[in-house]
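The lines below spell out each chain.
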Amino acid sequence: MNVIAVASAKGGVGKTTVSANLGVALARLGRPVLAVDLDPQNALRFHYFHDQALSREDGMAKATVDNRAPGSPAGVTPSGVVMLPYGHCSESEREQFESILQKEPDWLRQRLSEMGLPANTLVVLDTPPGPSVYLKQALRAANFVVVVVLADAGSYITLSQMHELVEQYCDPAQGFVGSAVLINQVDRSRALASDVTQLLNVTQAGQVLGRIHADPAVAEALACGTTVFEYMEHSEAVRDFQASAREVLARLHVAGARS
């Protein structure tokens with residue numbers, strides 16, 4: 001099992017969209033994928049379950065507070081990705097869940113190990129932006145971190161904070177192999193986007209995983225309650241996600257990653 005944390009220091013960069021589509025791209029490369037929503041916004045389900053998303057309110061937060069197995073509410077998405085939602089819970093239940101995570105720093109890593117997942121499973125973790133108890137759990141469980149940024153100044157200036165969090169919480173002794181930057185929503189018609197992308201390629205030498213071009217099909221797919229793979233299979237965004245997925249596998253040293 002390899003755990004891939006999708007994270008960002010800044011909100012609004014499309015991290016949940018990246019998590020959903022990267023999960024499908026990895027599944028289409030023949031790997032079992034478990035997508036885990038660690039964000040209290042509970043929004044990852046809207047990318048996967050079409051009009052059934054609102055009916056899928058159970059999830060790991062309430063299950064944990066109720067002393068049920070956090071892995072039991074998982075559902076298989078139409079794209080073949082198995083998903084574990086954060087789930088709907090009251091404010092009090094959210095606080096109880098976060099208290100458990102504060103007291104047990106390795107809670108997520110332990111729960112994933114207890115799920116009996118096949119050895120070649122890839123776990124994709126969606127996290128809320130910025131430092132949080134969820135991000136700490138994700139980084140402590142991660143073998144690899146995908147740092148999502150936009151090609152803008154706001155994302156660029158928060159990168160150092162994200163690198164510091166990765167250095168502080170990711171543990172090479174537990175199989176952590178590194179992190180990389182994924183530039184999302186790149187608009188080639190904007191000079192600033194081109195300049196920041198070039199700057200990232202220089203300052204993050206060797207650390208840029210790939211780029212996802214701004215593609216209306218991505219937003220349209222979410223509006224239809226699905227991923228861009230099901231919505232427009234031959235779109236530019238699909239090619240970008242496929243390339244990024246292959247690069248993730250290569251950096252995890254998974255056999256056949258570039259095939």
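Relevant structure appears above.
Sequence order as written defines the numbering, with residues in each chain counted from 1. A pLDDT threshold of at least 70 governs which residues receive local features in this predicted model, and a stricter bar of 80 or more applies before side-chain atom pairs are shown or counted, although totals over entire chains, interfaces and linings include all residues. Think of the side-chain values as coming from all heavy atoms in the structure, minus any hydrogens and water.

(A) Quick peek at the packing of helix H5 (residues 133-141) against helix H6 (residues 153-169). Axis definition: a line fit to C-alpha positions, over the contact stretch in the case of helices; interaxial angles, taken between N-to-C directions, run 0 to 180 degrees. Per the convention used, a helix needs a DSSP run of H or I reaching at least four residues, while a strand needs a run of E reaching at least two, with both numbered from the N terminus. Running from amino to carboxyl end, H5 crosses H6 at an angle of 60°, the nearest separation of the two axes being 9 Å. Judged by the inter-axis angle, H5 sits oblique to H6. Judged by the sense of rotation from one axis to the other, the crossing of H5 with H6 is right-handed. Residues Leu135, Lys136, Leu139 and Arg140 of H5 pack against Met162, Leu165, Val166 and Tyr169 of H6. Roughly parallel covers angles under 35 degrees, roughly antiparallel covers those over 145, roughly perpendicular covers 65 to 115, and oblique covers all other angles. Left-handed describes a crossing whose near helix is turned anticlockwise from the far helix through less than a right angle; right-handed describes the clockwise counterpart. Here, residues are in contact when the closest pair of their heavy atoms is within 4.5 Å.

(B) Inspection of the nonpolar core at higher detail. Core analysis: the biggest nonpolar cluster contains 45 residues, and Val36, Phe97, Leu125, Leu139, Val145, Met162 and Ile183 have the highest contact counts within it. It is H5 that provides the largest number of residues to this core, a total of six residues. Beyond its immediate sequence surroundings of up to four residues, Phe97 is in contact with Met60, Ala61, Thr64, Val65, Tyr86, Trp107 and Tyr134. Within the second largest apolar cluster, 38 residues are counted, among which are Leu44, Phe144, Phe229 and Phe241. Residues grouped as a nonpolar core are buried Ala, Val, Leu, Ile, Met, Phe, Trp, Tyr and Cys residues, joined through side-chain atoms within 4.5 Å. A simple rule labels every residue: compare its accessible area, found with a 1.4 Å probe on the protein chains alone, to the largest value its type can have, and call it buried under 20%, exposed over 50%, or partly exposed in between.

(C) Focus on the pairing of strand S8 (residues 208-213). In terms of burial, S8 is a largely internal element, five of the six residues being buried. For the crossover that starts at strand S7 (residues 178-186), traverses helix H7 (residues 191-203) and ends in the parallel S8, the hand is right-handed. When the strands point away from the viewer, a crossover counts as right-handed if the route from the first strand across the helix to the second turns clockwise.

(D) The arrangement of the layout of surface pockets in detail. Every definition here rests on a 1 Å grid over the protein atoms only: cavities are sets of points where a 1.4 Å probe fits but cannot get out, pockets are open sets enclosed by protein on both sides within 12 Å along at least five of seven lines, and lining residues have some atom within 4 Å of a point. Grid points are joined across faces, edges and corners, and a volume is the space filled by probe spheres set on the points. Here the largest pocket is characterised by a volume of approximately 190 Å³. Along the wall of the largest pocket there are 14 residues; nearest its centre are Thr17, Asn184, Gln185, Val218 and Ala219. Those elements that place two or more of their residues in the lining of the largest pocket are helix H1 (15-27), S7, S8 and helix H8 (216-223). It is H8 that contributes the most residues to the lining of the largest pocket, four residues altogether. When residue character is reported, Ala, Val, Leu, Ile, Met, Phe, Trp, Tyr, Cys and Pro are called nonpolar, Asp, Glu, Lys and Arg charged, and the others, Gly included, polar. When its residues are assigned to classes, the lining of the largest pocket shows eight nonpolar, five polar and one charged. Taken as a whole, the second largest pocket encloses approximately 160 Å³ of empty space. Around the second largest pocket, the lining comprises 13 residues; the ones closest to its centre are Gly12, Lys15, Thr16, Asp39 and Gln41. In the lining of the second largest pocket, the residues fall into three nonpolar, seven polar and three charged.

Interpretation in functional terms is not warranted from these geometric data alone.
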